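Spelled out from the first residue to the last, the chains are:
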Amino acid sequence: MIGFTKRNLKVFFKDKTSVFFSLLSVFIIIGLYMLFLGDVWVSSFDGLEGVRYLMDSWIIAGLLTVTSVTTAMGAFGIMVEDRTKKINKDFISSPIKSSSLMGGYLLAAVIIGVIMSIVALILSEIYLVAKGGELLSPLKMLQVLGLIVLGTVTNVSIVFFVVSFFQSANAFATASTIIGTLIGFITGIYLPIGQLPNSVQTVIKCFPVSHAGAMFRQVMMEEPLAVTFRGAPPEVVAEFKQLMGVVYQFGDTEVTPAMSIAILVVTAIAFYGLSILNISRKKRG
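Residues numbered from 1 in each chain as written. Predicted model: local features only at pLDDT ≥ 70, side-chain atom pairs only at ≥ 80, totals over all residues. Heavy atoms only, no water.

Concerning the overall build of the protein chain
Phase 1: Across its full length, the protein chain holds 13 helices and two strands.
Phase 2: In terms of its C-alpha atoms, the protein chain occupies a principal-axis envelope of roughly 65 × 40 × 35 Å.
Phase 3: Buried positions account for 49% of the 285 residues belonging to the protein chain.
Phase 4: Considering only contacts within the protein chain whose residues lie at least 6 apart along the sequence, 81% involve residues at least 24 apart.
Phase 5: Accessible surface computed for the protein chain: about 13600 Å², of which carbon and sulfur atoms make up 69%.
Phase 6: Side chains of the protein chain carry 21 positive and 16 negative charges; the gap between the two charge centres is 20 Å. (Helix = DSSP H or I, 4+ residues; strand = E, 2+ residues; numbered from the N terminus. Buried < 20%, exposed > 50% of the residue type's maximum accessible area, 1.4 Å probe, protein only. Contact = heavy atoms within 4.5 Å. Areas by Shrake-Rupley, 256 points an atom, 1.4 Å probe, with all protein chains shown as cover. Lys, Arg positive; Asp, Glu negative; His and termini not counted. Charge placed at Lys NZ, Arg CZ, Asp CG, Glu CD.)

Let's talk about the pattern of salt bridges
Phase 1: For the structure on display, the rule yields three salt bridges.
Phase 2: Put simply, R52 and D56 hold a salt bridge, and the shortest N to O gap is 3.6 Å. Separated by four residues within a single helix, R52 and D56 lie in helix α4 (residues 51-84), roughly one turn from each other. (Salt bridge = Lys/Arg side-chain N within 4 Å of Asp/Glu carboxyl O.)

Describing the nonpolar core
Phase 1: In terms of nonpolar packing, the biggest core is built from 75 residues, with F76 and V144 touching the most fellow members.
Phase 2: Among the elements that make up this core, the one with the highest residue count is α4 (19 residues).
Phase 3: F76 has contacts with Y105, L106, A109, V156, V159, F160, V163 and F172, leaving out every residue within four places of it along the chain.
Phase 4: Formed by six residues, the second largest nonpolar core is a distinct cluster that contains I193, L196, A214 and Y248. (Core = buried A, V, L, I, M, F, W, Y, C linked by side-chain atoms within 4.5 Å.)

Overview of helix α6 (residues 98-130)
Phase 1: An ideal rise of 1.5 Å per residue puts 48 Å on 33 residues; α6 measures up with 48 Å between its terminal C-alpha atoms.
Phase 2: Directly beyond the C-terminal end of α6, a positive phi value near 100° is found at G132. (Expected span 1.5 Å × (residues − 1).)

Regarding the packing of aromatic side chains
Phase 1: By the definition in use, this model includes six aromatic pairs.
Phase 2: Geometrically, the ring pair formed by F161 and F165 is edge-to-face, given 5.1 Å between the ring centres and 85° between the ring planes.
Phase 3: Judged by relative accessible area, which is 44%, F165 ranks as partly exposed.
Phase 4: Each ring, one from F229 and one from F240, has its centre 4.9 Å from the other, and the planes form 50°; the classification is tilted. With F229 in the loop between α11 (222-228) and α12 (234-244) and F240 in helix α12, the pair connects residues that are eleven residues apart, well separated along the chain.
Phase 5: Taken together through their ring pairs, the aromatic side chains of F161, F165 and F271 make up a single cluster. (Phe/Tyr/Trp six-rings, centres within 6.5 Å; stacked < 30°, edge-to-face > 60°.)

Remarks on the packing of α4 against helix α10 (residues 208-220)
Phase 1: Where α4 contacts α10, the two axes come as close as 8 Å, and the packing angle between them is 145°. Handedness of the crossing formed by α4 with α10: right-handed. Where α4 abuts α10, its residues S57, W58, I60, A61, L64, T65 and V69 lie against V209, A212, G213, F216, R217 and M220.
Phase 2: Per-class residue counts for the contact of α4 with α10 are nine nonpolar, three polar and one charged. (Axes fitted to C-alpha atoms, helices over the stretch in contact; angles between N-to-C directions. Left-handed = near helix turned anticlockwise from the far one by under 90°. Nonpolar A, V, L, I, M, F, W, Y, C, P; charged D, E, K, R; others polar.)

Examining a nonpolar patch on the surface
Phase 1: A contiguous nonpolar surface patch, about 430 Å² in accessible area, is contributed by I115, V119, I122, L123 and I126.
Phase 2: Within the secondary structure layout, V119 lies in helix α6. (Patch = residues over 30% accessible without salt bridge, like charges linked within 9 Å, V, L, I, M, F, W, Y side chains within 5 Å.)

Things to note about the side chain of R217
Phase 1: Mapped onto the elements, R217 comes out in helix α10.
Phase 2: For the buried R217, which has no salt bridge, the nearest side chain bearing the opposite charge is E254, at an N-O separation of 13 Å.
Phase 3: Of the polar contacts made by the side chain of R217, one reaches the backbone oxygen of G245; its length is 2.9 Å.
Phase 4: Ignoring anything within four residues of it in the chain, the contact list for R217 reads W58, A61, T187, G188, I189, E222, M244, G245, V246 and Y248. (Polar contact = N/O pair within 3.5 Å; in protein donor to acceptor, adjacent residues only side chain to side chain.)

Okay, here's the thing in structure tokens:
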């Protein structure tokens, strides 16, 4: 499995176009924020200390949320291409077990998602400091890296399930475009969740990937929140957190980090299981 994983990693990173397009949504988010979204959010909270640092941290958290989704799509493009070109038949006829082949695709997708997310984190931290913000502390950095791994594993499981339905490269490309376009909206990173209709808020809160986004915000926005809302009443801070999707609330129940982690773990297990069942069903058919 390790050898097949290395093969998939080499195929992915050798194709510079694939790497670029897997990060395209990330570039779009950064571009939108630098061109006008950043100034819009900063002006909305004009007069607050460190508001640029606060909002930059908010958008970076959202950026890390979607990076592993789009890069996982690019990574699984290798599997779809192998099917399209019938290369997978050569692998199947070899002594390599089918489970090792599938594990190689999955492990490569996770590694690619983690690597590209770390690249996005490094670039984002450079941007943050250039705009007057501060680097994450070593403890916060470890927490973010842990969330990157957890979020990537969950996102790969969801993407794996979606990809298990495709045999055509064209269909996969279309799906990748749609997912790359929608992912920012259904995770609430373009607009604060509090500004959206209640029905849309419910969809975002129920979408597992959004919980990774909330935890990224909780870690990355802790310091800037303390600066911006120094001396503010707790209820004001709580209201801002709900507005910006730092915390989610269902009725009177606030979603804790432990709940969000449980949601991500259960989602990963469920979608990996569904993917295997779907692939097995197709083989029998």
